[in-house]
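Coordinate inspection notes
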Amino acid sequence: KATVSVLYWCIATAMEKRPDMIPRYGLFKAEEAKAHVEAMMQGCKEIMNKVVEVPLESLTYEQVMRPFQETDNWCNYVWGEMAHLSSVKKTDELRKVYDEMLPEVVKFELEIKQNKELLQRVAGLQNTSEYASYTPGMKRNIEQIIRDAKFAGLTLEGEEKEEFNKISERLSLLSTNFKNNTIDAMGKFELMVTDPAKLADMPDFILEQGWDTMQTRHEGTKGDFKNGPWCFTLDQYFDFMKFCGDRALREEFYRANITKASKGDLDNTAIIEEILKLRRQKAKLLGFNTFAEFSLAKKMAPSVDVVLKTIEEMRIASIDKAKEEVEWLEKIAGHKLMPWDVTYYTQKLKERSLSLPKDLVNYFPLERVTEVLFGIIKDLFGAEIRQVECPSELSWDEHVRLYEVVRDGKVVGKFFFDPYARPGSKKDGAWMGSIVPRQRDAKGELVIASAHIVCNASKPVGGKPGLLSLDDVETLFHECGHCLQHVLSEVEDFGVSGTEGIEWDAIELPSQFMENWLYLKRNLKKLGKHWETGEPLSDEIISNLTELKFFCGGMSMLRQMAFASMDMKLHHVYDNPTDEVRVFDFYEEALEPFTVVERVKEDRMLCSFSHVFAGGYSAGYYSYMWAEILSSDAFGAFEDAGLDNHTAQAETGKRFCETVLALGGSVHPSEVFRLFRGRDPTVDALLRHNCLGNYPRPNPLDKIKDL
């Protein structure tokens, strides 16, 4: 106990000396992590105990809410560091201590949220004379703490409370196991290719990736990137499927991808069934009929019925367009389309109808992409992004970069950028994570916001710089949108600054909004220059690239709606009272109305659906669609102002920055949108941007002369 207290003092002292509150990732030692987490929990308990001592008749915001802010900072500094590193630099030692401490941290969090004396003092602030003078953010934070405490089982007693806590701890462990199994399965699979003829259509950058992986995983292998042999892993899946002309290899890779984490000791099937069962039980304990209803109680969407109705409306607007797209692809392929053909022939249709070069990746070097992206941000929002030296003590990998965000001559935020994939040690996908939200410390000093942007682009190989596919570029624009909302927030109130406190189905608004700027001709013109020769993309190709925003948009939207519907129904309709595995039958039934290409019986995509089973999107995957309605309508404001009118664009950007980006979670997202747009959102802009419903679009086959 003495050791924990001393360590608590040491960490607290270290935090005081680090006003940015950014963990020293480069100094992390797994063998010390357990003691640090124990000290964190001990210190936080001591802080919160002081709140309970505050007399109910003399409550002040500073006495009650400041300790919540301090404990939040502690958790971000210690536990946040471990959680981040477990996703970007996983080691066996880190996994072991993380898995060991996770149940303890869950217990600790529940202890705080279920402390009735604490909540009594938070709720008591609403009855004080000073409450009327609180900012909207302060009031909203109090409301959310009260709501979250109730949803954490505060009102439960006896056996129900004990059962709730056990379920919560078990769910945390199951989600971690799900994530670990998925990461391990991603790193375990290898597609070995020795025959150059099978990769005859493959661009050099993919061959170089395969050769680099071969050299890394199988040291001493003789050959070269042109002649092989090659080794491909699942983190290279999408690029491989776009360009591999060998149908048998595509099928092998496809089947490996849709069955990952579904076999042997990495099988997530039982975990899925248990997660769904426990989530339903948890919701019922809290008074909800289903987990979906519980999930939506904290979101912008008003009800499950409204969400399912909106999904169905989007399905109807997409299905005929998707069927037409399948006909296009089968015309190109010359045979019936199977799932492993879709990505390849979509790429072929793009190349032939839009005259896209196979080596398009060579035109998007990372350095230029960031330069242009940051220029767009400066023009729109007046924020300058500057790269600064990343000290080794802050970095977790040699490729990590550190940037400062400057506005009106002041540094208002910082973010790390981790661009490249690391199979086996880094979680797949891309995300923005908060490190510290904007706030005032106990001395009244401003603490600026900080975050990290994590992507999984292919790392530099063969002496070339980091080259991004167009999908990678879009992903970076997307994650930068999240980051802007975090670092450009002007809110200093605890719990509602930046991305904190924003309803989950509105959180994607700024990220999806930023994607639109990629597909403007003027921006593609700045971006598209060959990394080596400086040769720009032709005006024809740039014009054709703008069509990619809605290219085969029917199938793309239908796929998103299929996952959204399936997720919602799994958490609202599916109920398995037996030990028999039934979830895959339900999965197939849920996807049937959205199917336009024959499915394979072996599909076990659920076993790696981390968004739903190891992320924050359970009964919330619809959020992408919901936020896209908001983001498309928001971009419509810039279209209405005139995309070529620099003055009007700057004025509209200023209004967007002062509302959507600045207000964070301090105001309900419906009100934030009305403040920016002057009205409630409509679905029209989304349908128009994607050429869905009754909106016309060109037939790409008309551009192909030798079909």
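The numbering scheme is per chain: residues are counted from 1 as the chain's sequence reads. Totals for whole chains, interfaces and linings use every residue, but because this is a predicted model, local features are given only for residues with pLDDT of at least 70 and side-chain atom pairs only at 80 or more, for both listing and counting. No hydrogens and no water enter the side-chain calculation; it runs on all heavy atoms of the structure.

On to the packing of aromatic side chains, then. By convention, a stacked pair of Phe, Tyr or Trp rings (six-membered ring in the case of Trp) has centres within 6.5 Å and planes under 30 degrees apart, an edge-to-face pair has planes over 60 apart, and any other such pair is tilted. Scanning the entire structure with this criterion turns up 41 aromatic pairs. Ring geometry for Tyr237 against Phe253: centres 5.5 Å apart, planes inclined by 65°, an arrangement best described as edge-to-face. Note that Tyr237 is positioned in helix H9 (residues 237–243) and Phe253 in helix H10 (residues 247–258), a separation of 16 residues in sequence. Across the pair, exposure class does not vary: Tyr237 and Phe253 are buried alike. Here the aromatic rings of Tyr622 and Trp626 are separated by 6.1 Å at their centres, their planes lie at 85°, and the arrangement is edge-to-face. For every residue, the accessible area obtained with a 1.4 Å probe (protein chains only) is divided by the maximum for its type, and the residue is called buried under 20%, exposed over 50%, and partly exposed between those limits. Judged by its relative accessible area of 13%, Trp626 falls in the buried class. An aromatic cluster is present here, built from Phe381, Phe513, Trp517, Phe635, Phe638, Phe656 and Phe676 joined pairwise through their rings. Above the plane of the ring of Tyr131 lies Lys139, whose end atom (NZ or CZ) is 5.2 Å from the centre. Each helix is a run of H or I in the DSSP string that is no shorter than four residues. Each strand is a run of E no shorter than two, and both are numbered from the N terminus. Working rule: Lys NZ or Arg CZ, within 6 Å of ring centre, within 35 degrees of ring normal, means a charge sits over the ring.

The subject of this paragraph is unusual backbone geometry. In this structure, the amide linkage connecting Gly228 to the following residue, Pro229, adopts the cis form with an omega of 5°. Residue placement: Pro229 occurs in the loop between helix H8 (204–217) and strand S2 (230–232). In the Ramachandran plot, Ala261 falls in the positive-phi region, its phi being about 60° despite a non-glycine side chain. Its location among the elements puts Ala261 in the loop between H10 and helix H11 (269–285). Judged by relative accessible area, Ala261 falls into the buried class, the value being 4%. Positive phi outside glycine occurs at Ser355, with the angle close to 55°. In this structure, Ser355 sits in the loop between helix H14 (339–354) and helix H15 (366–381).

Right, let's get into the side chain of Asn362. Along the chain, Asn362 turns up in the loop between H14 and H15. Exposure remark for Asn362: the relative accessible area of 9% places this residue in the buried category. We call two residues in contact when some of their heavy atoms are within 4.5 Å. Among all residues touching Asn362, those that are not within four sequence positions of it are Lys464, Leu467, Lys529, His530 and Trp531.

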